[in-house]
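What the coordinates show
In case you want the letters, here they are:
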Amino acid sequence: MSAIAAARRYLDAWNGRDSGALAASFRPGGTYEDPNTNGPIGPGPLANYAAGLWTAFPDLRFDELGWQEADGGEITFRWLMRGTNRGSLRGLPPTGATIALPGVDVITVCDGAVERVQGYFDRATLMEQLGVMSVVQPHVAGPVHFGVCTQVRSASQAPPGAVSLTMIQARSDQEVQRIREISRRIMLELPAMPGFLSFQGAVVGHRLTTVTVWESAEAARQVMHEANHRQASIDMLEGRLGSAFNASTWSLARLSDLRVRCPNCGRVRDVSAERACGCGAATGERPAYW
């Protein structure tokens, strides 16, 4: 089989959404790498990686923009990846956006099979096309570690009475994505729970933390019965998830007044005692405590 034919067999497996054929297009010991794989992966992990992309983009396909063959069985393949985001991608909820992402694969072929694929594309362009916010920041700067945060709030303006805190230490980038996906499923269930006020989840490196605010400690206990939370707890205790974890609920000891600054005169008032500002300005929407 010629080098171009072997490379086309690899492409046909992608466009045919055939994980078995994709893995079979590689030689034993072959590797694949792109900006999202965190280094080279073998044919088996590639099949799982591709299955995740096909779930995220059920209509995924690669349009051919050009092939160039060099000596030694190295082929440069320019492509345009098209698809509509209908499923989770790297733990993110689907946006429904349609993408047309340009990229290049450098494919090395040996003895009629793919030996190595090095893929190149712009992750920032992918996120932009998906309609996902992309934040450029360092992982660490001196003693400061950077990460990302997610928030869910209910419509309730009730005062908080309890706070639940959790921490999970993941063992790999892949496990971070798995935990984030579990957390998102739990987040979607929280607003329907009586007494729920707000949720904030943060990821810094391999450590994931959550802060969930409730009207009372009794309301906080509801989450223990949520199916995703219960299964995650079992997986952690039985060694299938995380290297360390902790959960606690803290009851309110003191709650200060909720104070709001008037946009007209700049005066600060306690909104529970003063429904309107003395200057007569419109009060606007009362903010939630959390």
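Notes on the structure in this doc start here.

Moving on: the environment of Phe146. As for its position among the elements, Phe146 is in the loop between β7 (144–145) and β8 (148–153). Given a relative accessible area of 29%, Phe146 falls into the partly exposed group. Distance in space between the C-alpha atoms of Phe146 and Thr209 is 13 Å, their sequence separation being 63 residues.

Where strand β9 (residues 162–169) lies against strand β11 (residues 207–214), eight bridges are found, and the strand directions are antiparallel. Considered in β11, the bridge of Met167 is made with Thr209. As paired elements, strand β10 (residues 196–204) and β11 share eight bridges and run antiparallel to each other. In the sheet register, Ala202 faces β11, and the bridge partner there is Thr209.

The subject of this paragraph is helix α3 (residues 43–56). An ideal rise of 1.5 Å per residue puts 20 Å on 14 residues; α3 measures up with 20 Å between its terminal C-alpha atoms. Against the buried residues of α3 lie α1 (3–15), α2 (19–24), β1 (26–33) and β3 (74–84).

For the rest of this paragraph, the subject is the environment of Leu46. Note on placement: Leu46 falls in helix α3. Counting along the chain gives 226 residues from Leu46 to Ser272, while the straight-line C-alpha distance between them is 57 Å. Excluding its chain neighbours within four sequence positions, the residues that come into contact with Leu46 are Trp14, Leu22, Phe26, Tyr32 and Ile41.

Another aspect to go through is the sheet that holds β3. Taken in spatial order, the five strands make up an open sheet running β1-β5-β4-β3-β2, and their pairing is mixed. Here the strands that pair on one side only, and so sit at the sheet edges, are β1 and β2 (61–70). Along the sheet, successive strands turn relative to each other by an average axial angle of 20 degrees, direction set aside. Here β1 runs beside strand β5 (residues 113–121); their pairing, made up of four bridges, is parallel. Looking at β5, one finds that Phe26 is bridged to Val114. This element, α1, spans β1, β2, β3, β4 (98–110) and β5 of the sheet and lies at about 165 degrees to β2.

Another point: the environment of Ser251. Its location among the elements puts Ser251 in strand β12 (residues 244–251). Here the alpha-carbon distance between Ser251 and Pro160, two residues 91 residues apart in the chain, equals 9.2 Å. Not counting the four nearest positions on each side in its chain, Ser251 is found in contact with Gly161, Ala162 and Ala217.

On to the packing of aromatic side chains, then. This model, assessed by the stated rule, comprises eight aromatic pairs. Ring plane angle 75 degrees and centroid distance 5.8 Å describe the contact between Trp14 and Trp54, whose orientation is recorded as edge-to-face. Residue Trp14 is found in helix α1, and its partner Trp54 is found in helix α3; the two are separated by 40 residues along the sequence. No difference in accessibility class separates Trp14 from Trp54, as the two residues are buried. Grouped by ring-pair contacts, the aromatic residues Trp14, Tyr32, Tyr49, Trp54, Phe62 and Trp79 constitute a single cluster.

A word on α1. One turn of an α-helix holds 3.6 residues; hence residues three or four places apart share an orientation. Given a rise of 1.5 Å per residue, 13 residues ought to cover 18 Å, and the 19 Å separating the end C-alpha atoms of α1 matches this to within 8%. Of the residues making up α1, those classed as buried are Ala3, Ala6, Ala7, Tyr10, Leu11, Ala13 and Trp14. An end-on view of α1 places all buried positions within 155 degrees of arc, on one side of the element.

What follows concerns unusual backbone geometry. Positioned with a positive phi, Arg17 is a non-glycine residue whose angle comes to about 50 degrees. Take Arg17: it is sitting in the loop between α1 and α2. Classification of Arg17 by relative accessible area gives partly exposed; the value is 37%. Despite not being glycine, Asn38 has its phi angle at roughly 55 degrees, a positive value. Residue placement: Asn38 occurs in the loop between β1 and α3.

Applying the stated criterion across every chain yields a total of 11 salt bridges. We note a salt bridge from Arg8 to Glu64, for which the minimum N-O separation is 3.0 Å. One end of the pair, Arg8, is in helix α1; the other, Glu64, is in strand β2, with 56 residues separating them in the sequence. On the accessibility criterion, Arg8 (32% relative accessible area) is partly exposed. Residue Glu64 is classed as partly exposed on the basis of its relative accessible area of 41%. Two residues, Glu175 and Arg171, come together in a salt bridge whose shortest N-O distance is 2.7 Å. Under the relative-accessibility criterion, Glu175 is labelled buried at 9%. What makes Arg171 partly exposed here is its relative accessible area of 45%. Look at the salt bridges and you will find they share partners, linking Arg178, Asp235, Glu238 and Arg240 into a network.

Reading the values: the criteria
- Residues numbered from 1 in each chain as written.
- Predicted model: local features only at pLDDT ≥ 70, side-chain atom pairs only at ≥ 80, totals over all residues.
- Heavy atoms only, no water.
- Helix = DSSP H or I, 4+ residues; strand = E, 2+ residues; numbered from the N terminus.
- Buried < 20%, exposed > 50% of the residue type's maximum accessible area, 1.4 Å probe, protein only.
- Pairing = 2+ DSSP bridges.
- Expected span 1.5 Å × (residues − 1).
- Contact = heavy atoms within 4.5 Å.
- Axes fitted to C-alpha atoms, helices over the stretch in contact; angles between N-to-C directions.
- Phe/Tyr/Trp six-rings, centres within 6.5 Å; stacked < 30°, edge-to-face > 60°.
- Arc of directions from axis to C-beta.
- Salt bridge = Lys/Arg side-chain N within 4 Å of Asp/Glu carboxyl O.

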